[in-house]
Structures are given as C-alpha cells and as structure tokens.
Amino acid sequence: MKTKTAAYALRLPASMKAEAEKIAAEDGTSLNQFVASAVAEKVSALRTARYFAEKKGRTNWRVLSQIFDAGRYGL
C-alpha cells in the first residue's frame, strides 16, 4: 500500500536548516526524511501527553502502589 504525501513549503532559519541537514547526513537520511520524522515524533509526544492527561484523574493510587511493591519485592 502506498502512503499518500502532501507537499508543504517550510521556511527555516538558515542556521537551523544547516544543522538539520548535518544531522540528517550523519543519520544517512535526507532532509525531508529528517523533518518528517521530527514532525512524527512531536505529534506522538503530544498525543501521548494528551492521553495521560485524560487518564490522570482516574488513577487508583492504592492499587498502583501495591503493584509497584509486588514488583519491588518479587511477589
């Protein structure tokens, strides 16, 4: 299955572009692959933070403490 792509003109400060190109070259990837990967990483981090923020109020701390204690003592 082929992934659909969309073009987006990105304006970066010259120093930031040069640094991104350097890192991409060190990784053996293109600047495009580096930027796409960086965007994916940021999207993932934001979605993960949102997920845990939504679950925050539903934590049963007593049960969680028991789970950690059982693991700590090999129970």
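Data block above holds the structure.
Residues numbered from 1 in each chain as written. Predicted model: local features only at pLDDT ≥ 70, side-chain atom pairs only at ≥ 80, totals over all residues. Heavy atoms only, no water.

(A) How the structure looks around the overall build of the protein. Of regular secondary structure, the protein possesses three helices and zero strands. Secondary structure of the protein in N-to-C order comes out as α-α-α. In terms of overall size, the protein is more extended than a compact globule, its C-alpha atoms giving a radius of gyration of 21 Å where 75 residues would be expected to give roughly 11 Å. Seen along its three principal axes, the alpha-carbon backbone of the protein occupies a region of about 55 × 35 × 25 Å. For the protein, the exposed area adds up to about 7,200 Å²; of that, 59% sits on carbon and sulfur atoms. (Helix = DSSP H or I, 4+ residues; strand = E, 2+ residues; numbered from the N terminus. Rg over C-alpha atoms; globule rule 2.2 N^0.38 Å. Areas by Shrake-Rupley, 256 points an atom, 1.4 Å probe, with all protein chains shown as cover.)

(B) View of helix H1 (residues 14-27). With 14 residues, H1 extends 20 Å between its outermost C-alpha atoms, agreeing within 8% with the 20 Å of an ideal straight helix rising 1.5 Å per residue. Looking one or two places after H1, you find Gly28, whose phi comes out positive at around 75 degrees. (Expected span 1.5 Å × (residues − 1).)

(C) Up close: the pattern of salt bridges. Throughout the structure, instances matching the rule amount to one salt bridge. Residue Glu21 is joined to Lys17 by a salt bridge in which the shortest nitrogen-to-oxygen separation is 2.7 Å. You can see Glu21 and its partner Lys17 sitting in helix H1, four residues apart, about one turn around the helix. (Salt bridge = Lys/Arg side-chain N within 4 Å of Asp/Glu carboxyl O.)

(D) Region of interest: the packing of aromatic side chains. Here the structure, examined in full by the defined rule, presents one aromatic pair. Each ring, one from Tyr51 and one from Phe52, has its centre 5.2 Å from the other, and the planes form 80 degrees; the classification is edge-to-face. (Phe/Tyr/Trp six-rings, centres within 6.5 Å; stacked < 30°, edge-to-face > 60°.)

(E) Structural view of a nonpolar patch on the surface. There is a patch of nonpolar side chains on the surface, built from Tyr8, Leu10, Leu12 and Met16 and spanning about 460 Å² of accessible area. Residue placement: Leu12 occurs in the segment before H1. The exposure class of Leu12 is partly exposed, given its relative accessible area of 36%. (Patch = residues over 30% accessible without salt bridge, like charges linked within 9 Å, V, L, I, M, F, W, Y side chains within 5 Å. Buried < 20%, exposed > 50% of the residue type's maximum accessible area, 1.4 Å probe, protein only.)

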